[in-house]
Amino acid sequence: MDKAQQDALKKAAGIEAARLIENGMIAGLGTGSTVKFLVDELGRRVKEEGLEFTGVTTSRRTQEQAESYGIKIVDVDDVDHIDITIDGADEVDSNFNGIKGGGAALLWEKIVATNSNKIVWIVDESKVVNTIGAFPLPVEVIPFGAGHVIKKFESRGYKPTLRLDASGKEVRTDESNFVVDLHLDLIEHPQALADDLITTVGVVEHGLFLNMVDTVIVGNPDGPRVMT
Ligand code: 5RP
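These numbers were taken from a predicted model, which means no experiment stands behind them.

1. Let's talk about the UniProt feature "active site" (unreviewed entry) in the protein
Next, step 1: Those residues carrying the UniProt feature "active site" (unreviewed entry) are Glu109 in this numbering.
Next, step 2: Relative to the helices and strands, Glu109 resides in helix H4 (residues 106-114).
Next, step 3: The contact partners of Glu109, leaving out residues within four places of it in the chain, are Gly30, Thr31, Thr58, Asp87 and Lys100.

2. Here we look at the site of the ligand
Next, step 1: Taken together, the neighbourhood of the ligand is formed by 17 residues, with Gly32, Thr34, Gly88, Gly102 and Gly103 sitting nearest.
Next, step 2: Elements represented by at least two residues in the shell around the ligand include exactly helix H2 (33-49) and H4.

3. Observations regarding the pairing of strand S2 (residues 54-57)
Next, step 1: When strand S1 (residues 26-29) meets S2, the two strands line up parallel, connected through four bridges. When the bridges of S2 are listed, Ala27 appears paired with Gly55.
Next, step 2: Taken together, S1, H2 and S2 constitute a β-α-β crossover, and its handedness is right-handed.
Next, step 3: Judged from the two bridges that link them, S2 and strand S3 (residues 72-73) form a sheet pairing that is parallel. Considered in S3, the bridge of Thr54 is made with Lys72.
Next, step 4: The parallel pair S2 and S3 is bridged by helix H3 (residues 60-68), and the resulting crossover is right-handed.

4. Focus: the sheet that holds S1
Next, step 1: Spatial strand order, S3-S2-S1-S4-S7-S13-S14: seven strands in an open sheet with mixed pairing. Looking at the sheet topology across the chains shown, the edges are occupied by S3 and strand S14 (225-227).
Next, step 2: Across the face of the sheet, H2 comes into contact with S1, strand S4 (84-87) and strand S7 (119-124) while running at roughly 110° to S7.
Next, step 3: Packing of H3 onto the sheet brings it into contact with S1, S2 and S3, and relative to S2 it is tilted by some 155°.

5. Here's the deal with unusual backbone geometry
Next, step 1: In this model, Asp185 sits at a positive phi of 70°, which is unusual for a non-glycine residue.
Next, step 2: Positioned with a positive phi, Asn211 is a non-glycine residue whose angle comes to about 50°.
Next, step 3: Residue position: Asn211 is located in the loop between strand S12 (208-210) and strand S13 (215-219).

6. So, H4
Next, step 1: Taking burial as the measure, the nine residues of H4 include seven buried ones, the bulk of the element.
Next, step 2: Listed in full, the buried residues belonging to H4 are Leu106, Leu107, Trp108, Glu109, Lys110, Val112 and Ala113.

7. A short note on the environment of Gly14
Next, step 1: Residue position: Gly14 is located in helix H1 (residues 3-18).
Next, step 2: Take Gly14: there are 25 C-beta atoms within 10 Å of it, and that puts it in the buried class.
Next, step 3: In the structure, Gly14 is positioned 68 residues away from Ile82 in sequence and 19 Å away in space, judged by C-alpha atoms.
Next, step 4: Ignoring anything within four residues of it in the chain, the contact list for Gly14 reads Thr34, Val35, Phe37, Leu38, Glu41 and Ile122.

Conventions used here
Residues numbered from 1 in each chain as written. Predicted model: local features only at pLDDT ≥ 70, side-chain atom pairs only at ≥ 80, totals over all residues. UniProt positions renumbered as here; feature names shortened; annotations may be inferred. Helix = DSSP H or I, 4+ residues; strand = E, 2+ residues; numbered from the N terminus. Contact = placed C-beta atoms within 7 Å. Near = placed C-beta within 6 Å. Pairing = 2+ DSSP bridges. Right-handed = clockwise from strand over helix to strand, strands pointing away. Axes fitted to C-alpha atoms, helices over the stretch in contact; angles between N-to-C directions. Buried ≥ 20, exposed ≤ 12 C-beta atoms within 10 Å, placed from the backbone.

Here's what the structure looks like:
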């Protein structure tokens, strides 16, 4: 699948998911290129249909895009609940184990997700896999002592790489942390791995989202398919 085809599937999934947002809702808005299509469609609905809702965003990037459409965005601590969160994902299996964080927003994404009544992911069909792990697993790490965390990951066989930007500088998350990507190929025991990662001092969060999502909307050439 080339990029244009993949973008068309992402867009179809984003447009389908935008239908789930109703007047008066508090909606979590994820991060990434698929969510960008979702926010474009929500912006269109705000302008053309008078849709009114409040958004809680999972990154500064999404906040800027949503506000450019006049969507009201509030801080996660300014709401007592989130009705629904719609986000992208890097991989998902049939048990709804997923990897997120390709866009380095995993920490805010997980905070918003865990405070949401319903979670929907929007993906193109290439992201639905039998077993997760081909996509490098992002781990958000405190910069202080990050070198030691990376060495520990190496000794456990996790094949870590520190994520760098195009100019060779460390990528920083919206909380100014580093991202370490684990090149695992296959994750056969995701819960055991999640437990190991989250109990490693210096790790803030990891990109394993295990059985958290309620619905996955999959863009495919025959039209969006809903997995529940
Ligand atoms: C950002 C994420 C994204 O949702 C994930 O990387 C999917 O991105 P895209 O829609 O661009 O493929 O987890 O941290």
